[in-house]
Amino acid sequence: MVVYSLYILNKAAGLIYQRDFNESLKRLSSNDYLVLSGTFHAVYAIASQISPVPSSSGIEVLETEKFRLQCFQTLTGTKFLLISEPRQQNTDAILRRIYELYSDYVIKNPFYQIEMPVRCELFDRHLATYIRGIP
């Protein structure tokens, strides 16, 4: 199975982290990544407002024939978007583990400012190791 990309959005829809794990993906421009994150944030917010289910949290999974997009929103409003192969198993568990890595190596980093872009080598290294080990 394959994990394609990870996006982390802050509560204001700002893209604070983006990483592709599959070299065959077409590279987007920085502006395209920002548009993508802002669009998902807007659709997520609209979906939570128009949902017939009371207190809906918004879009959690978007599945197509080509990819699966899974969203995990933290209590602080940070969104983790994982794009993977449609048959990838346990994407919710993968996202929870990525959030644990984010908490350990980004949030606990004394030099990191909340809501700002993530630039943490330890997070990058542990994330890559974890993603490579996913069956």
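Above this note sits the structure.
Residues numbered from 1 in each chain as written. Predicted model: local features only at pLDDT ≥ 70, side-chain atom pairs only at ≥ 80, totals over all residues. Heavy atoms only, no water.

**Student:** When you look at the side chain of Asp20 in this model, what are you seeing that I'm missing?
**Tutor:** Inspection of the secondary structure puts Asp20 in strand E2 (residues 15–20). What makes Asp20 buried here is its relative accessible area of 15%. Side chain to side chain, Asp20 and Arg27 meet in a polar contact 2.7 Å long. Engagement of the side chain of Asp20 in a polar contact is seen with the side chain of Tyr33, the distance being 3.1 Å. Those residues in contact with Asp20, other than ones at most four positions away along the chain, are Tyr4, Ser5, Leu25, Arg27 and Tyr33. (Helix = DSSP H or I, 4+ residues; strand = E, 2+ residues; numbered from the N terminus. Buried < 20%, exposed > 50% of the residue type's maximum accessible area, 1.4 Å probe, protein only. Polar contact = N/O pair within 3.5 Å; in protein donor to acceptor, adjacent residues only side chain to side chain. Contact = heavy atoms within 4.5 Å.)

**Student:** Would you explain the pattern of salt bridges in this entry?
**Tutor:** Should the charged atoms of two oppositely charged side chains come close, the side chains can pair. If you walk through the whole model with that rule in mind, you get 7 salt bridges. Two residues, Arg125 and Glu121, come together in a salt bridge whose shortest N-O distance is 3.0 Å. Of this pair, Arg125 and Glu121 are both found in helix H3 (residues 121–132), 4 residues apart, which corresponds to roughly one turn of the helix. When its relative accessible area of 57% is taken as the criterion, Glu121 is described as exposed. (Salt bridge = Lys/Arg side-chain N within 4 Å of Asp/Glu carboxyl O.)

**Student:** I keep staring at the packing of helix H2 (residues 91–107) against H3 and nothing clicks. Help me out?
**Tutor:** Two measures define how a pair of helices packs: the angle their axes make with one another and the distance between the axes. Between H2 and H3, the least distance of the axes is 9 Å, while the angle of their chain directions is 155°. If you check the angle between H2 and H3, you find them roughly antiparallel. Judged by the twist between their axes, the crossing of H2 over H3 is right-handed. Only Leu122, Phe123, His126, Leu127, Tyr130 and Ile131 of H3 make contact with H2, whose side of the interface consists of Ala93, Ile94, Arg97, Ile98, Leu101, Tyr102, Tyr105 and Val106. When its residues are assigned to classes, the contact of H2 with H3 shows 12 nonpolar, 1 polar and 1 charged. (Axes fitted to C-alpha atoms, helices over the stretch in contact; angles between N-to-C directions. Parallel < 35°, antiparallel > 145°, perpendicular 65-115°, else oblique. Left-handed = near helix turned anticlockwise from the far one by under 90°. Nonpolar A, V, L, I, M, F, W, Y, C, P; charged D, E, K, R; others polar.)

**Student:** Honestly, the packing of aromatic side chains in this entry has me stumped. Any pointers?
**Tutor:** Any two aromatic rings considered together are summarised by their centre-to-centre distance and by the angle between their planes. Within this structure, the stated rule accounts for 9 aromatic pairs. With a centroid separation of 5.2 Å and an interplanar angle of 70°, the aromatic rings of Tyr17 and Phe123 are classed as edge-to-face. Remark: Phe123 occurs in helix H3 and Tyr17 occurs in strand E2; sequence separation between them is 106 residues. Comparing Tyr17 with Phe123, the two get one shared label, buried. Residues Phe80 and Tyr99 carry aromatic rings whose centres are separated by 5.6 Å and whose planes lie at 80° to one another, so their mutual orientation is edge-to-face. One end of the pair, Phe80, is in strand E5 (residues 79–84); the other, Tyr99, is in helix H2, with 19 residues separating them in the sequence. By relative accessible area, Phe80 is classed as buried at 0%. Residue classification places Tyr99 among the partly exposed residues on the basis of a relative accessible area of 29%. Taken together, Tyr17, Phe72, Phe80, Tyr99, Tyr102 and Phe123 form an aromatic cluster joined through their ring pairs. Taking NZ or CZ as reference, Arg97 lies 6.0 Å from the ring centre of Tyr130, over its face. (Phe/Tyr/Trp six-rings, centres within 6.5 Å; stacked < 30°, edge-to-face > 60°. Lys NZ or Arg CZ within 6 Å of the ring centre and 35° of its normal.)

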